[in-house]
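Take a look at the letters that make up each chain.
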Amino acid sequence: MRMMETGTVVIGTGPGGATVARELAKKEKRVVLLEKGKARDWSVGNPLAYAAMYDIRRSRQGILVRRGITPGGSTMIYSGNAYDPPSFLKDDFGIDLAAEVSEVKEELNIRPVPDHFYQNYPGTRRLVEAAGELGHAMKPQARFIDSALCDPHCDKCLFGCKRGAKWTARSYVNDAVDEGARLVTGCDVREILHVNGMVNGVSAQTDDGPLTVFCHRVVLAAGGMGTPEILHWSGIKGAGTHFFTDPMAVLLGEMKEGSGTFREITYTFADESRKGEFVFGNVGAVNAFVAQVAAKNFSALPRGARMKKLTGMFVKLCDEPTGEIRADGSFHKAFTPKDEALMAQGIEAAKAVMVRAGVRPGTIAVAKGIGGHPGGTAAMGRVVGTDLQTDIENLYICDNSIMPVSGGTPPVLTLIALARQFAGKLA
Ligand SMILES: Cc1cc2nc3c(=O)[nH]c(=O)nc-3n(C[C@H](O)[C@H](O)[C@H](O)COP(=O)(O)OP(=O)(O)OC[C@H]3O[C@@H](n4cnc5c(N)ncnc54)[C@H](O)[C@@H]3O)c2cc1C
């Protein structure tokens, strides 16, 4: 068995773990990052190799949830939209991230992709105009994307970005390593070691056999699904319930005339007026097509449609936190009647926009709800305090599992800001 000794172990390298590791490495150097996934650079930006970074799980009730298992975590397969933190963090928990959010926006140049980018996006423009005519407001989205590096007609953001235009947490992992942190990839953490209510190490399985790392502090950031599993395996009770995942439905249809959203970047405009219930916006045709194939909607795919006419939209639901990752390893998640009703309303609103924009109603196919923001399973107020510490001394959690409910919008900016503030407070 291999053994190591360090100051802080960070488990998981998504936006939570990578940010904490980077900030701590700058301060104290004695940081070890343990990451289950492997760094497969060849898969970044390659739709066919996407699966190398991608994990999908199905609940006992048939709900699908996806995440990234690789250095950088789910940001290696995210679309790069940046939303401000949900208000409940400040209102209910006194966590004000305004300063950190400003710093991160400045550092990562987060802003909507500039207008001139869209001049050649006729399909997206038609959707935005149609939404306006129906009384909605699809507004430009702030993004973790450097438009100077981005190819505006690529639309492969979700598969990773070969050009480096999309920020991912992998760059923070690299910064942490440059600052002296040690990164162990292919390292599946199985247990957090603790004695008399205090943490003293981590044990894991690696390709080279078992590994034990002794340390005085652990920051668990294995995400909304990985974190409760590790807590269960470590005999730490209370985690796993209140699971939410923000399922997203993707619609695809065919324009009667003119071009659709083929080779137009996904998720660049959205209507957030019902945030907390659902959000809807545009999807590039290729992404929308892939979503139908993934949902096995073969019969619903537009027949004989020319790719250039295909047009996509998404509806992202803010689902109720009713799922559970249990100690026996089983995963339970069903949509509630409220979830179903809100998703149906979102889909109707998106369909109406598509039809108004010129999509043939009979061609519209809907790929229903795959989740992508797992969280809630080690929530603040239930499993951690506002200092993110568990009942075990020096065991902290810093990932999307600490959110008590979904904020209704994607969480990466919030997690980076939270991790930054948290790491700054650690002695
Ligand atoms: C398709 C898709 C699109 C998305 N688009 C957006 C978007 O536009 N904007 C946005 O803000 N959010 C988006 N998200 C959501 C966002 O990527 C995640 O919510 C966010 O990355 C969660 O961060 P995290 O730190 O909680 O977990 P993750 O990023 O999932 O990181 C967890 C890490 O822990 C590791 N891990 C898990 N188990 C173990 C173990 N046993 N041992 C060691 N390591 C382990 C994983 O490999 C992973 O690296 C998207 C997600 C998906 C799937």
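The residue numbers shown here count from 1 along each chain, following its written sequence. The predicted nature of this model means local features are confined to residues of pLDDT at least 70 and side-chain atom pairs, given and counted, to a pLDDT of 80 or more, with totals for whole chains, interfaces and linings taken over all residues. Just so you know, side-chain values use all the structure's heavy atoms and leave hydrogens and water out.

Chemist: Just to check I follow, could you spell out the side chain of Thr 6 for this structure?
Modeler: Secondary structure is summarised from DSSP: a helix means a run of H or I of at least four residues, a strand means a run of E of at least two, and numbering begins at the N terminus for each. Relative to the elements of secondary structure, Thr 6 occurs in the loop between strand S1 (2-5) and strand S2 (8-11). We define a polar contact as two N or O atoms separated by no more than 3.5 Å, with the added condition that, inside protein, one atom must be a possible hydrogen donor and the other a possible acceptor, whereas residues neighbouring each other in sequence contribute only through side-chain atom pairs. Of the polar contacts made by the side chain of Thr 6, one reaches the backbone oxygen of Arg 30; its length is 3.1 Å. Every residue pair with non-hydrogen atoms within 4.5 Å of one another is taken to be in contact. Thr 6 has contacts with Arg 30, Val 31, Val 32, Arg 182, Val 213, Phe 214, Cys 215 and His 216, leaving out every residue within four places of it along the chain.

Chemist: Before we go on, may I ask you to explain the UniProt feature "domain: Glucose-methanol-choline oxidoreductase C-terminal" (unreviewed entry) in the chain in this structure?
Modeler: UniProt positions are given in the numbering used here, feature names are shortened, and annotations may be inferred rather than shown by experiment. Under the UniProt annotation, "domain: Glucose-methanol-choline oxidoreductase C-terminal" (unreviewed entry) lies at residues 335-419. In this annotation, residues 335-419 is assigned 34% helix and 11% strand; the end-to-end C-alpha distance for the span is 30 Å.

Chemist: Quick question: what am I supposed to make of the UniProt feature "domain: Glucose-methanol-choline oxidoreductase N-terminal" (unreviewed entry) in the chain here?
Modeler: When the UniProt feature table is mapped onto this chain numbering, "domain: Glucose-methanol-choline oxidoreductase N-terminal" (unreviewed entry) sits at residues 102-237. End C-alpha to end C-alpha, residues 102-237 measures 36 Å, and it is 29% helix and 27% strand.

Chemist: Mind showing me how you'd approach the site of the ligand here?
Modeler: Whether a residue is near a molecule or strand depends on its heavy atoms: it is near if one of them lies within 4 Å of it. Neighbouring the ligand are 38 residues; Glu 35, Ser 74, Ser 79, Asn 81 and Val 412 lie closest to it. At 3.2 Å from an oxygen atom of the ligand is found a main-chain nitrogen or oxygen belonging to Thr 70. Interatomic distance of 2.8 Å between a backbone N/O atom of Val 412 and an oxygen atom of the ligand. For the shell around the ligand, the elements supplying multiple residues, two or more each, are helix H1 (15-28), strand S5 (64-68), strand S10 (187-195), helix H6 (223-233) and helix H9 (412-425). By the convention adopted, Pro, Cys, Tyr, Trp, Phe, Met, Ile, Leu, Val and Ala count as nonpolar, Lys, Arg, Asp and Glu as charged, and the other residues, Gly among them, as polar. Its residues placed into classes, the shell around the ligand shows 16 nonpolar, 17 polar and five charged.

Chemist: Would you take a moment to explain the layout of surface pockets for this structure?
Modeler: For the largest pocket, the calculated volume is near 400 Å³. If you go around the largest pocket, you meet 19 residues; those closest to its centre are Tyr 54, Arg 66, Ala 291, Ala 294 and Ile 370. At the level of elements, strand S4 (54-58), S5, strand S14 (248-254), helix H7 (285-294) and strand S20 (365-370) are the ones that each hand at least two residues to the lining of the largest pocket. A per-element tally of the lining of the largest pocket places H7 first, with four residues. Tallied by class, residues from the lining of the largest pocket come to 16 nonpolar, one polar and two charged. What counts as a domain boundary in this text is fixed by an automatic or database domain assignment. Looking at which domains feed residues into the lining of the largest pocket, each of domain 1 (2-56 + 66-107 + 164-239 + 375-425) and domain 2 (112-160 + 243-370) gives three or more. Lining residues are defined by having an atom within 4 Å of a point belonging to a cavity or pocket. Those points lie on a 1 Å grid over the protein atoms alone, cavities being sets where a 1.4 Å probe fits but cannot get out and pockets being open sets with protein on both sides within 12 Å along at least five of seven lines. Grid points are joined across faces, edges and corners, and a volume is the space filled by probe spheres set on the points.

Chemist: What am I meant to see in the side chain of Ser 79 here?
Modeler: With respect to the helices and strands, the residue Ser 79 is situated in the loop between S5 and helix H2 (88-93). Type-normalised accessible area, obtained with a 1.4 Å probe on protein chains alone, sets the label of each residue: buried when under 20%, exposed when over 50%, and partly exposed for intermediate values. On the accessibility criterion, Ser 79 (14% relative accessible area) is buried. When near neighbours in sequence (up to four residues on either side) are disregarded, Ser 79 contacts Arg 143, Ile 145, Cys 157, Leu 158, Lys 166 and Tyr 267.

Chemist: Help me understand the state of the cysteines, please; the structure alone is not making it clear to me.
Modeler: Every disulfide links exactly two cysteines, by a covalent bond between their sulfur atoms. Note on terminology: disulfide denotes any pair of cysteine sulfur atoms within 2.5 Å. The full count for this structure, using the stated rule, is zero disulfides. Here Cys 215 stays free of any disulfide, with the sulfur of Cys 187 as its closest cysteine sulfur at 12 Å.

Chemist: Honestly, the nonpolar core in this entry has me stumped. Any pointers?
Modeler: The nonpolar side chains of a soluble globular protein tend to be buried with one another. Of all hydrophobic cores here, the largest spans 70 residues; its most connected members are Leu 34 and Phe 144. The element contributing the most residues to this core is H9, with nine residues. With near-sequence residues (within four places) excluded, Leu 34 lies in contact with Val 9, Val 10, Ile 11, Gly 12, Val 184, Cys 187, Val 189, Val 202, Leu 211 and Val 213. Among the nonpolar cores identified, the runner-up in size contains 32 residues, and Phe 117, Leu 251, Met 313 and Val 353 belong to it. The nonpolar core is taken to be a set of buried Ala, Val, Leu, Ile, Met, Phe, Trp, Tyr and Cys residues, with the residues joined through side-chain atoms within 4.5 Å.

Chemist: How should the domain arrangement of the chain be read in this particular structure?
Modeler: Domain boundaries in the chain define domain 1 (2-56 + 66-107 + 164-239 + 375-425) and domain 2 (112-160 + 243-370). Placing the centre of domain 1 and that of domain 2 at their C-alpha centroids yields a distance of 28 Å. Tallying the contact residues gives 41 residues for domain 1 and 30 residues for domain 2. Reported buried area values correspond to the accessible surface (1.4 Å probe) lost by two parts on association, with both partners' losses combined. Of the roughly 2900 Å² buried between domain 1 and domain 2, counting both surfaces, carbon and sulfur atoms make up 64%.

Chemist: How should I be thinking about the pairing of strand S3 (residues 31-34) in this particular structure?
Modeler: Taken residue by residue, a regular strand's side chains alternate between the two faces of the sheet. Burial of S3 is two-sided: the residues Val 31 and Leu 33 facing one way and the residues Val 32 and Leu 34 facing the other way are all buried. Think of it this way: DSSP has to see at least two bridges between two strands before they count as a pair. Bridge count between S2 and S3: four bridges; the pairing is parallel. Residue pairing for S3: Val 10 is matched across the bridge by Leu 33. Where S3 lies against strand S9 (residues 182-184), three bridges are found, and the strand directions are parallel. Note on S9: the bridge partner recorded for Val 32 is Arg 182.

Chemist: Whenever I open this one, the sheet that holds strand S16 (residues 278-283) confuses me. Can you help?
Modeler: In a beta sheet, neighbouring strands pair by backbone hydrogen bonds and run either parallel or antiparallel. The six strands are arranged S7-S15-S16-S17-S14-S20 in an open sheet whose pairing can be described as antiparallel. Across the chains shown, the open sheet's two edge strands, defined by having one partner strand only, are strand S7 (139-140) and S20. Axes here refer to lines fitted to C-alpha atoms; in helices the fit is confined to the stretch in contact. Angles between the N-to-C directions go from 0 to 180 degrees. Its contacts with the sheet place helix H4 (residues 122-133) against strand S15 (269-271), S16 and strand S17 (310-317), and it is angled at close to 50° to S17. Packed on one face of the sheet, helix H8 (residues 337-357) meets S14, S16, S17 and S20 and runs near 155° to S17.

Chemist: Can you help me understand the pairing of S16 in this one?
Modeler: Burial within S16 is extensive, with six of its six residues counted as buried. As judged from the two bridges shared by S15 and S16, these two strands associate in the antiparallel manner. In the sheet register, Ala 270 faces S16, and the bridge partner there is Gly 281. Between S15 and S16, which pair antiparallel one after the other, the connecting turn spans six residues, and Gly 276 there sits at a positive phi close to 100°.

Chemist: Can you help me understand the pattern of salt bridges in this one?
Modeler: Where charged atoms from two side chains of opposite charge come close, those side chains can pair. Salt bridges, as used here, are contacts in which a Lys or Arg side-chain nitrogen is within 4 Å of a carboxyl oxygen on Asp or Glu. With the rule as written, the count across this model stands at 18 salt bridges. In this structure, the salt-bridge partner of Arg 30 is Glu 5, at a minimum N-O distance of 3.3 Å. Taken together, the residues Arg 30 in the loop between H1 and S3 and Glu 5 in strand S1 connect sequence positions 25 residues apart. Residue Arg 420 pairs with Glu 103 through a salt bridge whose shortest N-O separation is 3.2 Å.

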